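# Coordinates in review
Okay, here's what each chain looks like letter by letter:
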Amino acid sequence: MVLDILPLVFDCPRSAVNFPGSGALKMTANRYTASKSATNTQGLTFIFLHGIAAHKEQWEPLIEELFFLQQNKPPHLRVREAWSLDRLNHGEAAVLNADELARNRRKGVPSAESAEGIAAFLNSEHMKGHRVVVVGHSAGSVAGVIATKYLDRSTSCIVAMILTAPAMVAPEIYHRYLEPTAAKLSEAVLQRPDTWASREEAHHWLKARFPWNVWDERVLKLYVEHGLTTTLPNTNVTLKCTKPQESLSFPDTLSQFIAIEQFQRICHSVPLHIVWGTKDHIFPEIVQGSVSDESQGRVATSVTKMVGCGHLMFQDRPGEVARVISRICDGISSVAESRVLTPAKL
């Protein structure tokens, strides 16, 4: 299926969370439509939020499959449009924000700050009257959940949130099970190469190493095309998200703790669906179970375990993840019956 892609640069509000006195950042986004999908005002608008070390274009194979899967379903289940947003220090946003990141974000950009930008986008005219499904991966799930704290007017309605491998956790679980892993991931980023003589050389290097060697080839090609930038005036290519910025994203514990509290706060107001991979090398089973621990008041509408999938499920198996999202969306009610998250319910 051929998708029409419209890029957008969105000016985020000045952050009030961690950087008083700093400048505002820009968010880069792509809008995807197919044929006359945008005329179906009953349909679903998807917001895709990637995690650490990814970028918005990596969702495209999954988005294309989702449009295909939903095209013959009732109008309220078809895809009206899809948006993929860059994390503020990743992808094209990292290039546009390079000066501000260097001056005022030397400790990184936490998911809580990205969440403010996401909320501003959801509150904007772009989403007015839309029935929104938020799909987050890892730290993108964290930012998406925190964003619900800042919805200040009923411009859009969130009819469901689908959280794939969500990197949110209670403090006691983090310190017991995840703290060493976060430290290792942060250190590993600083040790690996980030510059190559050409995109072809970068593709060859990545293709031979984990985790890139198990990615869907379409996703890997998109990473080489959109995740790298030329280091002018020479012809070398390097990561758009710098190694320091990526490294600083892993120990973002405060955002993880805020997100788990917000999950508990909104879980009875909007359907929250969780998707895990059974081969997740970052979040062990006990951590996965803690996210939807009903004894702690955290109730998930559904929990799906994708057999054989790892943490980077949408990079590894975008088609399979699209089918899981499609099945979840089949349970979304019609426009008149939808249970939605609006500011009045926060």
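All of these numbers come straight from a predicted model, not from anything done at the bench. (Residues numbered from 1 in each chain as written. Predicted model: local features only at pLDDT ≥ 70, side-chain atom pairs only at ≥ 80, totals over all residues. Heavy atoms only, no water.)

Next up on the list: the pairing of strand E6 (residues 157-164). For E6, the buried fraction is high: 7 of the 8 residues fall into the buried class. The sheet contact formed by strand E5 (residues 131-137) and E6 spans 7 bridges and is parallel. Residue Val134 lies in a different strand from E6, and its bridge partner there is Met161. Inspection of the sheet shows E6 paired to strand E10 (residues 272-277) by 4 bridges, in the parallel sense. (Buried < 20%, exposed > 50% of the residue type's maximum accessible area, 1.4 Å probe, protein only. Helix = DSSP H or I, 4+ residues; strand = E, 2+ residues; numbered from the N terminus. Pairing = 2+ DSSP bridges.)

Glancing now at the sheet that holds strand E9 (residues 237-239). With respect to topology, 3 strands assemble into an open sheet ordered E7-E9-E8, the strand pairing being antiparallel. Two strands lie at the open edges of the sheet, namely strand E7 (195-196) and strand E8 (228-230), each paired on one side alone. Strands E7, E8 and E9 of the sheet are contacted by helix H7 (residues 199-207), whose axis makes an angle of about 150° with E8. (Contact = heavy atoms within 4.5 Å. Axes fitted to C-alpha atoms, helices over the stretch in contact; angles between N-to-C directions.)

Attention now goes to the sheet that holds strand E2 (residues 26-33). Strand order in the open sheet formed by 8 strands is E1-E2-E4-E3-E5-E6-E10-E11, and the pairing between neighbours is mixed. Every interior strand has two partners, whereas the edge strands, strand E1 (4-11) and strand E11 (302-306), have only one. Neighbour-to-neighbour, the strand axes of the sheet open up by a mean angle of 20°, direction not taken into account. In this fold helix H4 (residues 111-122) packs onto E1, E2, strand E3 (44-49), strand E4 (79-85), E5 and E6, with an angle of close to 115° to the strand it touches most, E1.

Covalent bonding between the sulfur atoms of two cysteines defines a disulfide. With the rule as written, the count across this model stands at 0 disulfides. Note on Cys241: no disulfide assigned, nearest cysteine sulfur contributed by Cys12 at a separation of 16 Å. Taking relative accessible area as the criterion, Cys241 reaches 7% and is therefore assigned buried. Among the cysteines around Cys329, which has no disulfide bond, Cys157 carries the closest sulfur, lying 16 Å off. The exposure class assigned to Cys329 is buried, which follows from its relative accessible area of 0%. (Disulfide = S-S within 2.5 Å.)

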